Amino acid sequence: MGVQTSVVWAWPVFAQGLLLGLGLIVAIGAQNAFVLRQGLRREHVGSVVAFCAVADAVLITAGVYGMAQALGDRPMLARGLALGGAAFLAVYGWRALQRARQISALDVTSMGQGMSRGAALAQAAAFTLLNPHVYLDAVLLVGSIGAQQPAPLQSWFAAGASTASLLWFSALGFGARWLAPWFAKPRAWQVLDALMGLTMWVLSALLVRHVVQGL
């Protein structure tokens, strides 16, 4: 019964991590365009998807447990970072809603010719690890929010956020031929940005509520 109860409590935390991960990763960008390009060309798709997903999972896990350790005996700093994260999510959501009003599409037609597996992985590493936003998002933001969870549930939160990356990159890579025409339509990105914007606002509100309840 205790195990069943813990799993019931864990699923909302997993879902929160999943939604946060999707909200941060689903956007027009070089990394997503590269994964989609590899999928369209059917070049080393599995390797590229696996690298991007594993890299995100490592950064997310390090962020959650690193921030949890750093904030363990600093409740005021934890609340401050939580409120900062809520503000960031609110602004991120607002920016996504603003993007939803604009016309844009994901273009993979100008990303070069075929490449070896090593070259593909090198580019995947560059798009993933040389992007400063990945550290802000995966390590600081996701880490600080995950650290707010009770210790037994932090792994569920990290798993949810990591699953978001795995699902998204797998969809881009292996579903590229079906998704590419859809992603080429500006209206599709407008709907997606609107959904992500609203999701970020909901998560921001939940984070503020968590801080207030902890006072």
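Thresholds, definitions, all that
Residues numbered from 1 in each chain as written. Predicted model: local features only at pLDDT ≥ 70, side-chain atom pairs only at ≥ 80, totals over all residues. Heavy atoms only, no water. Core = buried A, V, L, I, M, F, W, Y, C linked by side-chain atoms within 4.5 Å. Buried < 20%, exposed > 50% of the residue type's maximum accessible area, 1.4 Å probe, protein only. Helix = DSSP H or I, 4+ residues; strand = E, 2+ residues; numbered from the N terminus. Contact = heavy atoms within 4.5 Å. Axes fitted to C-alpha atoms, helices over the stretch in contact; angles between N-to-C directions. Parallel < 35°, antiparallel > 145°, perpendicular 65-115°, else oblique. Nonpolar A, V, L, I, M, F, W, Y, C, P; charged D, E, K, R; others polar. Polar contact = N/O pair within 3.5 Å; in protein donor to acceptor, adjacent residues only side chain to side chain. Phe/Tyr/Trp six-rings, centres within 6.5 Å; stacked < 30°, edge-to-face > 60°. Arc of directions from axis to C-beta.

Draft legend 1. Representation of the nonpolar core within the structure. Leu20, Ile60, Leu89, Val142, Ile145 and Phe157 are the most contacted members of the largest nonpolar core, which totals 24 residues. In terms of residue count, helix H6 (residues 132–147) provides more of this core than any other element does, five residues in total. Every residue in contact with Leu89, bar those within four places of it in the chain, is listed here: Leu20, Leu141, Ile145, Met200, Trp201, Leu203 and Ser204. Core analysis: the next-biggest nonpolar cluster, separate from the first, contains 21 residues, Ile25, Val45, Ala124 and Leu172 among them.

Draft legend 2. Molecular detail of the packing of helix H7 (residues 151–174) against helix H8 (residues 176–183). With their axes 6 Å apart at the nearest point, H7 and H8 run at an angle of 95° to one another. In this view, H7 runs roughly perpendicular relative to H8, as classed from their interaxial angle. Contacts between H7 and H8 involve Trp168, Ala171, Leu172, Gly173 and Phe174 from the former and Ala176, Leu179 and Phe183 from the latter. Split into classes, the residues belonging to the contact of H7 with H8 amount to seven nonpolar, one polar and no charged.

Draft legend 3. Main features of the side chain of Thr128. When you line up the elements, Thr128 lands in helix H5 (residues 117–129). Under the relative-accessibility criterion, Thr128 is labelled buried at 1%. In this structure the side chain of Thr128 is engaged in a polar contact, spanning 2.8 Å, whose partner is the backbone oxygen of Ala124. Filtering out sequence-adjacent residues up to four positions away, Thr128 remains in contact with Gln31, Phe51, Cys52, Ala55, Asp56 and Val134.

Draft legend 4. View of the packing of aromatic side chains. Enumeration over the complete set of coordinates arrives at four aromatic pairs. Between Trp11 and Phe14 the ring centres are 5.4 Å apart and the planes differ by 80°, which places this aromatic pair in the edge-to-face class. Taken together, the residues span about one helical turn, with Trp11 and Phe14 both in helix H1 (residues 2–25) at a distance of three residues. For Trp11, a relative accessible area of 47% puts it in the partly exposed group. Through successive ring pairs, a cluster of aromatic residues spans Trp11, Phe14 and Trp156.

Draft legend 5. Examining H8 more closely. Every buried residue of H8 is accounted for by Ala176, Leu179, Ala180 and Phe183. Each buried residue of H8 sits inside an arc of 110° when the element is viewed along its axis, so together they form one side. Its buried side turned inward, H8 meets helix H2 (30–41), H7 and helix H9 (186–213).

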